[in-house]
Every structure is written in structure tokens, then in C-alpha cells.
Amino acid sequence: MGRPLCGRLVSAGHTVTVSDLRPEQEEAVRSLGADWAPSVTTAAAGADVLVTVVPGPAEAAAALPEAVFAALAPGAVWIDMTSNAPAAAGELRERAAAHGVDVLEAPMGGGPDDAEHGRLTLFVGGPADILERCRPLLEAVTTSDRIRHMGGPGTGYTTKLLVNLLWFGQAAATAEALLLGHRAGIDLADLRDTLADSAAGSDFIRRDLPALFAGDYLRSYGLDRIHDQLTVITEEARDLGTPHEMADAVVRIHRLALERFGPVDGELLAVALLEEAAGALLRL
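Keep in mind it's a predicted model, so treat the numbers as computed, not measured.

Another aspect to go through is the pattern of salt bridges. With the rule as written, the count across this model stands at 14 salt bridges. Linking arginine 119 and aspartate 114 is a salt bridge whose minimum nitrogen-to-oxygen distance equals 3.1 Å.

Right, here's the structure in full:
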């Protein structure tokens, strides 16, 4: 995700310096017109904006010691585009504030192709004035209507996790319905088309189901990270005292899939688990 975002920021005229744990990324980064730094602290030195795009909370915490925030220019902003956990990010927000760094969270909805073509949805949490200050930068990576201000600190992260919870829940529920319908003798193509045009229709059925029917389990994100994110949002529901029976079920099936397949890439591997249980594949 970071590479196409880097390209769009450079194309918009920004001076960009990148750091990554994988030194083999340097050539690709430089080919986009960005500079390369051997460490995050070096990349942050004197910068007006620090943008983090890392896999999850542990990587964000590891990448952002005190020295990184201390290295930024006075009045700098940290924009975190990671699918972070609100509690974990709160500790980093306090670390940034101690150095006078403003913070905006903007976790992303979409994949690498969306990042490359400016179609990401950004779930923004933080002060409205900081968002307006950073809007020209964010509009380099997506359109204005896809920048959704959800509220104060933590709301952007929570929104992203809720989107994930519902999408993975819809994937599992849709797979169960299709397996049942197929076993009952309904043609899968007819069932898909009927569901898509019914009150049960969803973006998953209309947009993502064709990949599954082609045998593609969307191997762009790790099953272990999916399970971690689902666990975080379920724990937030528990902490806030809201019901989470459905969320628990989604976490459980992804935990079973993780135990079955291991920490491999595959956003639809919970569906693969259901297919194994049914002894049938959802294919057209």
C-alpha cells in the first residue's frame, strides 16, 4: 500500500522521503521520484508531515520511538494510515503530543489497486482543523468525497475495524447461504444473481463474490492480522458494554481458519474452511 501512495504524493509535487525495513524497496521508491532513508528517524528529520503505512499496531509502535517525533519539524503532523488499534495508537498519540506533533488517523479502505488509482476511502479521526490543514495532502491520494471525518481521536480506527468486521462477517454468512442453497439444489449463478438483487444484496455479493467463484481467496492480507483486527473490535465492544454475539462468531470462525491454515495470506480463508466442512467448493 505504501508504494502507490508514495507515487501519488510525488506526482502531486510533494517532496517525499521513504524508509522501510526492507532495503530491497529502495530501488522501487527511487524510481517513483522519492528519496530513501535508512531509518524512520532519518526520514522524519525536519519533515512537516510524517505518514505511516505499516501492517498493524505492533509495527507502528516499533517504528515510532521518541526520537522519530523529536526529529520532525516544529508544528509537524503525524498521519497514521495504518489499520491500528485505538488503545495502542493512543499511546503513540501521547508520545507525539509530548513533542508538539499534531496527529490525524486515516486508516484506509481499499487495496493496492485503489491506492494506485486514487480510489481509497480514508476513515479520518482527529481534530477538524488538523484535517483541513492536511486535506490537500490527503487529496493527493484520494478524492475529497472519499475522505470521511468520523470524529475525534480513535473514531477513524474504530470505523475501519467495523468495516472489516462487517465485510468478513458478510463473507462468512454469504458462503454459508450459498453452500446451503447449492446443497438444496439451487444453481449457484441463479442464487448469486437473485441475492444480489434482493434485500440481502451487498457489495460483497456484487463485487467480491466473482473472485471466490474463480477460486481466488484474495491472498493480499494475512489471516493472522485479520484475526487480530477482529479481536480488537470485539474487545472494544466488550469494553464499551455493547452486544458482541455476532462479532464473537466472526472472530471464532477466523480463529478456526487460522488454526487450520496458519498465518498465510487469504482474506477469504474462513470461507475455505466452510467449504471444507461442507465438502463442496463454491465455483462457477
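This paragraph deals with helix 13 (residues 245-261). In an α-helix, one turn spans 3.6 residues; hence positions three or four apart end up facing the same way. Between its first and last C-alpha, helix 13 extends 24 Å over 17 residues, near the 24 Å set by a 1.5 Å rise per residue. Along helix 13, the residues classified as buried are Ala247, Val250, Val251, Ile253, His254 and Ala257. Buried residues of helix 13 fall within an arc of 165° about the axis and therefore sit on the same side. The exposed residues of helix 13 that point more than 90 degrees off its buried face are Glu245 and Glu259. Contact partners of the buried residues in helix 13: helix 9 (155-183), helix 12 (223-240) and helix 14 (269-278). Taken from the residues just after helix 13, glycine 262 is the one with a positive phi, measuring 85°.

Let us look at the nonpolar core. Counting 39 residues, the largest nonpolar core has Leu178, Leu268 and Leu282 as its most contacted members. With sequence-adjacent residues up to four places away left out, leucine 282 is seen in contact with Ala175, Leu178, Leu179, Leu188, Leu212, Phe213, Val271 and Glu275. One finds Ile79, Leu104, Leu120 and Leu138 within the second-largest nonpolar core, a separate group that totals 27 residues.

Another aspect to go through is the pairing of strand 5 (residues 102-105). Summarising the sheet, strand 4 (residues 77-80) and strand 5 pair through four bridges and their orientation is parallel. Residue pairing in the sheet places aspartate 80 in a bridge with glutamate 105 of strand 5. Crossover connection from strand 4 via helix 6 (residues 86-97) to parallel strand 5: handedness right-handed.

Our focus in this paragraph is the packing of helix 9 against helix 13. Following both chains from N to C, one finds helix 9 and helix 13 inclined at 70°, their axes separated by 10 Å at the closest point. By the criterion of interaxial angle, the relationship of helix 9 to helix 13 is roughly perpendicular. In this structure, helix 9 meets helix 13 at a crossing whose hand is left-handed. Contacts between helix 9 and helix 13 involve Leu165, Phe168, Gly169 and Ala172 from the first element and Ala247, Val250, Ile253 and His254 from the second. Taken together, the residues that form the contact of helix 9 with helix 13 break down as six nonpolar, two polar and no charged.

Bringing the pairing of strand 8 (residues 147-151) into the picture now. The pairing of strand 7 (residues 121-125) with strand 8 spans four bridges and is parallel. Among the inter-strand pairings, valine 124 is bridged to a residue of strand 8, identified as histidine 149. Each parallel crossover has a hand, and for strand 7 linked through helix 8 (residues 128-138) to strand 8 it is right-handed.

Per the stated rule, a full pass over the model turns up three aromatic pairs. On the basis of an interplanar angle of 65° and a centroid distance of 5.5 Å, the ring pair of phenylalanine 69 and tryptophan 78 is categorised as edge-to-face. Judged on exposure class, the residue phenylalanine 69 and its partner tryptophan 78 are both buried.

Before going further, it helps to examine the environment of histidine 149. Structurally, histidine 149 is set in strand 8. Judged by its relative accessible area of 35%, histidine 149 is partly exposed. As for histidine 149 and glycine 125, which are separated by 24 residues in sequence, their C-alpha atoms are 6.1 Å apart. Residues in contact with histidine 149, not counting those within four places in the same chain, are Val124, Gly126, Pro127, Ala128 and Leu131. At 2.7 Å, the side chain of histidine 149 forms a polar contact with the backbone oxygen of glycine 126. One polar contact links the side chain of histidine 149 to the main-chain carbonyl oxygen of glycine 151, over a distance of 3.1 Å.

Next up on the list: the environment of alanine 247. Inspection of the secondary structure puts alanine 247 in helix 13. Residues in contact with alanine 247, not counting those within four places in the same chain, are Leu165 and Thr234.

Applying the stated criterion across every chain, the model contains zero disulfides. In this structure cysteine 6 is not part of a disulfide, and its nearest cysteine sulfur, from cysteine 134, lies 18 Å away. Classification of cysteine 6 by relative accessible area gives buried; the value is 5%. Overall, cysteine 134 belongs to the buried group, its relative accessible area being 4%.

The next thing to look at is the packing of helix 9 against helix 12. Interaxial distance between helix 9 and helix 12 falls to 9 Å at its minimum, and their mutual angle equals 115°. Classified by the angle between their axes, helix 9 and helix 12 sit roughly perpendicular to one another. Seen from above, helix 9 lies across helix 12 with left-handed handedness. Residue-level contacts link Thr158, Leu161, Leu162, Asn164, Leu165 and Phe168 of helix 9 to Ile226, Gln229, Leu230, Val232, Ile233 and Glu236 of helix 12. Tallied by class, the residues present in the contact of helix 9 with helix 12 amount to eight nonpolar, three polar and one charged.

Calculation criteria
Residues numbered from 1 in each chain as written. Predicted model: local features only at pLDDT ≥ 70, side-chain atom pairs only at ≥ 80, totals over all residues. Heavy atoms only, no water. Salt bridge = Lys/Arg side-chain N within 4 Å of Asp/Glu carboxyl O. Helix = DSSP H or I, 4+ residues; strand = E, 2+ residues; numbered from the N terminus. Expected span 1.5 Å × (residues − 1). Buried < 20%, exposed > 50% of the residue type's maximum accessible area, 1.4 Å probe, protein only. Arc of directions from axis to C-beta. Contact = heavy atoms within 4.5 Å. Core = buried A, V, L, I, M, F, W, Y, C linked by side-chain atoms within 4.5 Å. Pairing = 2+ DSSP bridges. Right-handed = clockwise from strand over helix to strand, strands pointing away. Axes fitted to C-alpha atoms, helices over the stretch in contact; angles between N-to-C directions. Parallel < 35°, antiparallel > 145°, perpendicular 65-115°, else oblique. Left-handed = near helix turned anticlockwise from the far one by under 90°. Nonpolar A, V, L, I, M, F, W, Y, C, P; charged D, E, K, R; others polar. Phe/Tyr/Trp six-rings, centres within 6.5 Å; stacked < 30°, edge-to-face > 60°. Polar contact = N/O pair within 3.5 Å; in protein donor to acceptor, adjacent residues only side chain to side chain. Disulfide = S-S within 2.5 Å.

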